[in-house]
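Breakdown of the fold
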Amino acid sequence: MVWAASVLVGVLGILPHPAMADGPKVSVVSPADNDLLQMLSASGVQATRYDAVAEAIDHAPADSSLFVLAGDYPAKPTPVDEVFFQTAKAKHLRLFVEIPAAVPGLKLGAIKTTDWERAVVASDDFGPSLPKLRILAVHDCHYLPTTTDHPMLVEARVAGFDTAVYGLPKSAEPLLFEMNDGRWLIATTKLSGFIEGRFAPESAWREIWPVILKKMLPPDSKLPELKWSPTVRTSFSESDSLAKDIEQRSLRRAARWYLQAKLLITPGRNDLVKKALASNGEMADTPADSKDGDGSLGILEGYSAKIRFDGSQPQRLPVRTDCQAETAMVLALDGKLNAQPRSSEVSNNLLKFTFETSGACGGDRGNPKHPAFGHIAWGVYSPAWYVANYGDDDARVILSTVLASSANKTSAWDKYVLRSLLANLRTTGKKGFRGDRIDMPALAQYGWKHFHDSDIVNYAPHFESYLSACNLWAYRQTGYPEFLEKAKLGISLTMAQYPKGWRWGDDIERGRMLLCLAWLVRLEDTPEHRGWMMSVANDLIATQEKCGAIPVRREARGGFFQIPQSNEAYGTGETPLNQTMNDPVCDQLYTTGFALLAFHEAAAVTHDEKLKQAEDKLAEFLCRIQIRSEKWPTLDGAWFRAFDYGRWEYWASSADVGWGAWSVEAGWGQAWIAATLALRQANTSFWDFTADSQIKSQWDAVQAEMAQNTGGPWKE
């Protein structure tokens, strides 16, 4: 970041540009790179910097302003004592002191850290635009616990999107408060690291700092316009003009993100990842070195939403098979369309890892005599992940591998794809539903025929619809009737319950369901099938915002994926990003990427202008909100899960225990955003692009393998 308004001068630090010589004058104790110091100087405030508190208090003119900012955060409090405050009072100084070692009349505890707590406005000081109970993020906050009667900001575990809807808990502790008749502001944490620490929402902090400065500067001072740039931001504003090839550029940036995100596992890190996952660890710091893997050892899941005080984000370690294949898909398309040989190489390596070297298709899943034959493990190395067989995760492995194989012009993975298609088909019940997951012990105990013959219904498109899409695609390629029959029955029963009978009944499910409906019309274009497709599509379009966003419209229903119903529930389960139906937030993990693909496939089969316009709007929106960051190349080119299209920044209720607002997933919606941009670039659809698949050539061999188990319980 360039700060043209300041230069270093001797031991005292920063003096203003001559054009700003009439600005307010303040004294600051801080490192030279402190965010607040830099912002003050860039905004025209004449900031004289000191390294030592004693020197600053001696030199500060009477009745002036002194900022004493945290220098050893978060390890140590700022070294101020009672003598410091006595001197400040005698000189009538206005003080802003961060994380002080001592304050007269206050009992300060040892430094505490936060987990699910957020900052909350606790007074009327910030005006009507930031009223009491407004929620803010001071990421990875380290603070000194104390008590005070009238705090301006507090730290508390609260539920809500913008507002702490259940009020403040008794455990709330002050972060900012006044003393000495308002002449002193005491911050129990480092608020001055708001740029480095990526405090959010940024727009709220642009209102907070003027209030603080107004209290700190002389009454006759003209408050300057505060200037700073966030280190992580959107690629474009809502109104910026876009280049004609913006989608190609966006795809290229997404592919580069995969290659530079330090998620591709290197040989030097492989054993550490395996060891951590074997003990059910799921997070680790990003490696300091600049090495990236080549895909032969897989890719990690992504980045956690937990932003650290320095702005970094820990990585999520799980080695998920869906993320392997979906990453391979994006890189394969980038390699083909943009002539990027490294992308193609890493793509092929990731698929070889997925199917042959990771173990995801090995063990009992690779034994034709076992009921689990053909399934693909949810993840490897971790017992909790290896045991599970999710139908939806397998479906996305199948679809992304099919698309990657067509781009890479290879049939090397066809037998594994066909095994998985048939394994999931024979564990799908008579009514066309498979259920959320079937774990290995259940398959061994009951055999696959138990599930094949069951009467299970599961009106949950998030878990069922992509397997239906797989079955429709498989029928087109093989002609095997059961693929079509089960897909049609499951879709028919699901649409009979639309929308109130669906598990969630929101746009997460609409965006997922629309794909299989579009492909059903491909196979059987009947008035009923087209009516189902257009009903879901029109309802999805009806919620689309002018900017192109598909908002989260999750209601507070019971069951899984629940909006927090209390402050205590915040951070205890998987949750949507909203708190109320009116929160202006969209979800790139679960909704927009899948909706983009669905619009694309539906428009391709219908040539409907309304569908095409919705697709175009959504594609443009996603190009605009793609992450841009020079400081954090490990984020640049990706998409965060959450985006607040009202503020045009990354913000939401980040209550999800694993995949919060600022999480970045290698697979899922992010991958399908990039893949659909690639299909648009190639002027084709998934359905047409993969039509030449040679998977049918594997039919006899794979059927012979599948026949080695007749469906009963496993007997060693």
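Now for a look at the structure at hand.

Things to note about the layout of surface pockets
In this structure, the largest pocket occupies an estimated 500 Å³ of space. Forming the walls of the largest pocket are 27 residues, and the residues nearest its centre are Asp-115, His-139, Ala-305, Lys-306 and Ile-307. Residues of the lining of the largest pocket, tallied by class, amount to 13 nonpolar, six polar and eight charged.

Observations regarding empty space enclosed by the protein
This structure, assessed with the given rule, holds five cavities of 30 Å³ or more. A volume near 60 Å³ is recorded for the largest cavity. What lines the largest cavity is simply Tyr-73, His-139, Lys-190, Gly-193, Glu-196, Gly-197, Phe-199 and Phe-309. Grouping the amino acids of the lining of the largest cavity by side-chain chemistry returns three nonpolar, three polar and two charged.

Considering unusual backbone geometry
For the bond running from Tyr-73 to Pro-74, omega is 0°, close enough to zero to count as cis. Here the residue pair Ala-200 and Pro-201 is connected by a cis peptide bond, since its omega of -15° sits within 30 degrees of zero. Of note, Ile-99 is a non-glycine position whose phi angle comes to about 40°, a positive value. One non-glycine residue, Lys-409, lies in the positive phi region at around 55°. Taking the relative accessible area as the measure of exposure, Lys-409 reaches 69% and is therefore exposed.

Notes on the packing of aromatic side chains
In the structure shown here, the tally under the stated rule is 34 aromatic pairs. Plain terms: the ring middles of Trp-651 and Trp-662 are 6.0 Å apart, the flat faces sit at 65° to each other, and that makes the pair edge-to-face. Here Trp-662 lies in the loop between strand S22 (642-644) and strand S23 (664-665) and Trp-651 lies in the loop between S22 and S23, a separation of eleven residues in the sequence. With respect to class, Trp-651 is no different from Trp-662; both count as buried. Each member of the aromatic cluster is reached from another via a ring pair, and the members are Phe-463, Tyr-466, Trp-504, Phe-561, Tyr-590, Phe-594 and Trp-668. Taking the ring centre of Tyr-466 as reference, the NZ or CZ of Arg-512 above it sits at 4.1 Å. One residue, Arg-512, lies across the ring of Phe-594, its end atom 4.3 Å from the ring centre.

What counts, and at which threshold
- Residues numbered from 1 in each chain as written.
- Predicted model: local features only at pLDDT ≥ 70, side-chain atom pairs only at ≥ 80, totals over all residues.
- Heavy atoms only, no water.
- 1 Å grid on protein atoms, 1.4 Å probe; cavity = no way out; pocket = protein on both sides within 12 Å on 5 of 7 lines; lining within 4 Å.
- Points joined across faces, edges and corners; volume = space filled by probe spheres on them.
- Nonpolar A, V, L, I, M, F, W, Y, C, P; charged D, E, K, R; others polar.
- Buried < 20%, exposed > 50% of the residue type's maximum accessible area, 1.4 Å probe, protein only.
- Phe/Tyr/Trp six-rings, centres within 6.5 Å; stacked < 30°, edge-to-face > 60°.
- Helix = DSSP H or I, 4+ residues; strand = E, 2+ residues; numbered from the N terminus.
- Lys NZ or Arg CZ within 6 Å of the ring centre and 35° of its normal.

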